[in-house]
Every structure is written in C-alpha cells, then in structure tokens.
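This is what each chain is made of:
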Amino acid sequence: MPLREIISRRQAVLAPGAANALFARIIEDVGFECVYVTGAGIANMALGAPDIGLTTLDDIAGTVSRIADAVSLPLIVDADTGFGNAVNAWRTMKVLERAGASAIQLEDQDFPKRCGHFAGKGVIPLPEMLPKIKAAADARTRDTLIVARTDALAVEGLDAALERAEAFAEAGADLTFVEAPRDAAQMRRIAALPVPQVVNIVHGGKTPPLAQAELAQMGFGVVLYANAALQAAVRASVEVLRSLKAGGSLDAVSDRLASFEERQATVAKDKWDALEQRFSAE
C-alpha cells in the first residue's frame, strides 16, 4: 500500500526503526506496514557513536539502498537537517529518493544536530528552514513524502513549535513532527494540526509511551519506535556475551538465541537457494 494512503488514515500506524537490512527484514516478517530508517540507529550501529550529527548523506543513502533491496515496505528515512542548506536539502531528496525512500524527514535543528530527546538543542530561524522544505519538494520526481520536524518545543515552547509546524505544511510538508512533547495534553494539541502528524516514542525518553489505540484516537498519522529493535539487540547482546565470557559457553543462555534455522529464515536463505538452483548449469 502506498505510504500516503497508510498515513492518511490517521490511525497511528506503527513504524519501527531499522538501522540495517536485517532489522528491516524482521519488521517486514512480523507484519508491520512501513519501516523507519533511523539516523540515530545508523550512528549507533554503523559508527558506534551517539546521535550528534556525525553521519553523512552517503552513510544514510547506502543504508537506505540496502534496506530497499531487502524489503518491499515503504521507507520513511531520517535525513537529519538535510546535510546543509536548501541546496543540500534538494540534493538529499534526489539521493534518498533514488536509493529507495518513500518519505524523507527534515528537521530544523542547528548544527550539530542532536537526538530529539537530548538536552542542549537549538533550532535555526524559520526563514532558513522553509527553503529546505521547498527545495525538497522541488527535487522529488515521484510521490515521495516530506516529513518536516521541529525541535522548537524544547527551545521556544509548544506554541512556537505549533506555529512552525503550520508554516512547514504551508511550505509543502506532507506531514509534520513536533518532537518530544511532554504530556498527553501537548500531544492532543499537536495531533489537531491540519496535516498528519508523527510522534516519536522513545523508551526512557521525554514523550509518554501511550498505546497505539490512544494515539490513533488523537489522530496521529505515524508512531515511531525508532530504536526499539536496536535497544533490544544491545541488551540481549550484552547479556549473552557476558554469559559466554563468564562461563566459557552458551549453555546458560541458549534459550536467548535464535536457532540456526530461524537465522537463515530471517535472511531468506531459501530465496537465495532457489536462485542458485534456477541459474545453476544443467
């Protein structure tokens, strides 16, 4: 189903984050309708670094391309600040659309950008952000959606953030995303904005982890769980490897591991086996 149609329902579609093609395959296999390609996750997993603006457009585009090859779900791609000014945002749309994005997310933080649930954020003036949205809209060659995110709530308050979101929509954003609301009252005001809204649920973050049904009732279009898979993998990896180090074997944690067969199923080995058989010499 096209991403625009999914989001237009405003039923709080769940968009788990993937930092690589393996996580994206799991998301598709479990039955979700779309994937969020997480910039924070790519920074964490590919660089072993925090989400503080260290990734490049090439880092993101390469990951998007690999994920697009692995799954058929629409991809919402975190493009950070567009990697520069409006001209950079124009190129960012071109590159990520070509890589397989169904939507790109641009945000109004100044550089270096930070995770939306970190302290110390700043935002650029509105006259600098609006041309980025317009440039991205100009660059697209198909129905690639623009998600325009503002981090102004933490800096200037909710009213200013809502005003920015409305201006983003007028400039051509298909969805807006007021990051890090602190309570349900703020979330209801955000969800009432005219275009579909994104909310980001971060385990341990600033936004209340309301259930999907409640977020759908408010009218949100998309609910990001950007790094749930990553956080689960980190916890499981630490526990399994500590046990291996302490005991010298995996006996104590064997129930925590995917079987060999499950692992091969996750990477669709049967498909590759069929290809090999198909093209083998007779």
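Just so it is clear, the structure is predicted and the values come from calculations on it, not from any experiment.

Undergrad: Let's hear about the side chain of Thr81: which residues, and what values?
TA: If you trace the backbone, Thr81 turns up in the loop between strand S3 (75–78) and helix H5 (86–99). Those residues within four positions of Thr81 in sequence are excluded, and the remaining contacts are Leu106, Glu107, Gln109, Lys113 and Lys132.

Undergrad: Describe the nonpolar core, naming the residues involved and giving the relevant values.
TA: Formed by 38 residues in total, the largest nonpolar core has its most connected members in Val64, Leu75, Val77, Leu96, Ile104 and Ile133. Not counting the four nearest positions on each side in its chain, Leu75 is found in contact with Val35, Val37, Val64, Ile67, Ala68, Gly100, Ala101, Ser102 and Ala103. In terms of nonpolar packing, the next biggest core, distinct from the first, is built from 20 residues, Ala152, Leu153, Ile201 and Phe220 among them.

Undergrad: If you had to explain the packing of aromatic side chains to someone new, which residues and values would you point to?
TA: Within this structure, the stated rule accounts for zero aromatic pairs. The ring of Phe177 is capped by Arg149, whose NZ or CZ atom sits 5.4 Å from the centre of that ring.

Undergrad: Account for unusual backbone geometry, naming residues and giving values.
TA: With a phi close to 50°, Asp80 is a non-glycine residue in the positive phi region. The class of Asp80 is buried, set by a relative accessible area of 3%. For Ala180, which is not a glycine, the phi torsion comes out positive at approximately 65°. Among the structural elements, Ala180 can be located in the loop between strand S6 (175–178) and helix H9 (184–191).

Undergrad: With reference to specific residues and values, describe the packing of helix H4 (residues 57–70) against H5.
TA: Viewed as axis vectors pointing N to C, H4 and H5 meet at an angle of 25°, and their least axial separation amounts to 8 Å. As far as their axial angle goes, H5 and H4 are roughly parallel. Viewed along their axes, H4 and H5 form a crossing whose handedness is right-handed. In this structure, H4 uses Leu57, Ile60, Ala61, Val64, Ser65 and Ala68 to contact H5, whose residues at the interface are Arg91, Thr92, Val95, Leu96 and Ala99.

Undergrad: Outline the environment of Ser249, listing residues and values.
TA: Mapping Ser249 onto the fold places it in the loop between helix H11 (228–247) and helix H12 (260–266). Reaching out from Ser249, the side chain makes a polar contact with the backbone nitrogen of Asp251 at a distance of 3.2 Å.

Undergrad: Quick one: what's the story with the pairing of S3, residue by residue and with numbers?
TA: Of the two faces of S3, both are covered, the one formed by Leu75 and Val77 as well as the one formed by Ile76 and Asp78. Pairing of strand S2 (residues 35–37) with S3 involves three bridges; the strand directions are parallel. Among the inter-strand pairings, Val35 is bridged to a residue of S3, identified as Leu75. For the handedness criterion, the β-α-β arrangement of S3, H5 and strand S4 (residues 103–107) is classed as right-handed.

Undergrad: So, the sheet that holds strand S5 (residues 145–150): which residues are in play, and what are the values?
TA: With respect to topology, eight strands assemble into an open sheet ordered S6-S5-S4-S3-S2-S1-S8-S7, the strand pairing being parallel. Each edge of the open sheet carries a strand with a single partner, namely S6 and strand S7 (198–200). Recorded for the sheet is a direction-independent mean angle of 25° between the axes of neighbouring strands. Inspection of the sheet shows S3 paired to S4 by three bridges, in the parallel sense. Counterpart to Ile76 in the pairing with S4 is Ala103.

Procedures and definitions
Residues numbered from 1 in each chain as written. Predicted model: local features only at pLDDT ≥ 70, side-chain atom pairs only at ≥ 80, totals over all residues. Heavy atoms only, no water. Helix = DSSP H or I, 4+ residues; strand = E, 2+ residues; numbered from the N terminus. Contact = heavy atoms within 4.5 Å. Core = buried A, V, L, I, M, F, W, Y, C linked by side-chain atoms within 4.5 Å. Buried < 20%, exposed > 50% of the residue type's maximum accessible area, 1.4 Å probe, protein only. Phe/Tyr/Trp six-rings, centres within 6.5 Å; stacked < 30°, edge-to-face > 60°. Lys NZ or Arg CZ within 6 Å of the ring centre and 35° of its normal. Axes fitted to C-alpha atoms, helices over the stretch in contact; angles between N-to-C directions. Parallel < 35°, antiparallel > 145°, perpendicular 65-115°, else oblique. Left-handed = near helix turned anticlockwise from the far one by under 90°. Polar contact = N/O pair within 3.5 Å; in protein donor to acceptor, adjacent residues only side chain to side chain. Pairing = 2+ DSSP bridges. Right-handed = clockwise from strand over helix to strand, strands pointing away.

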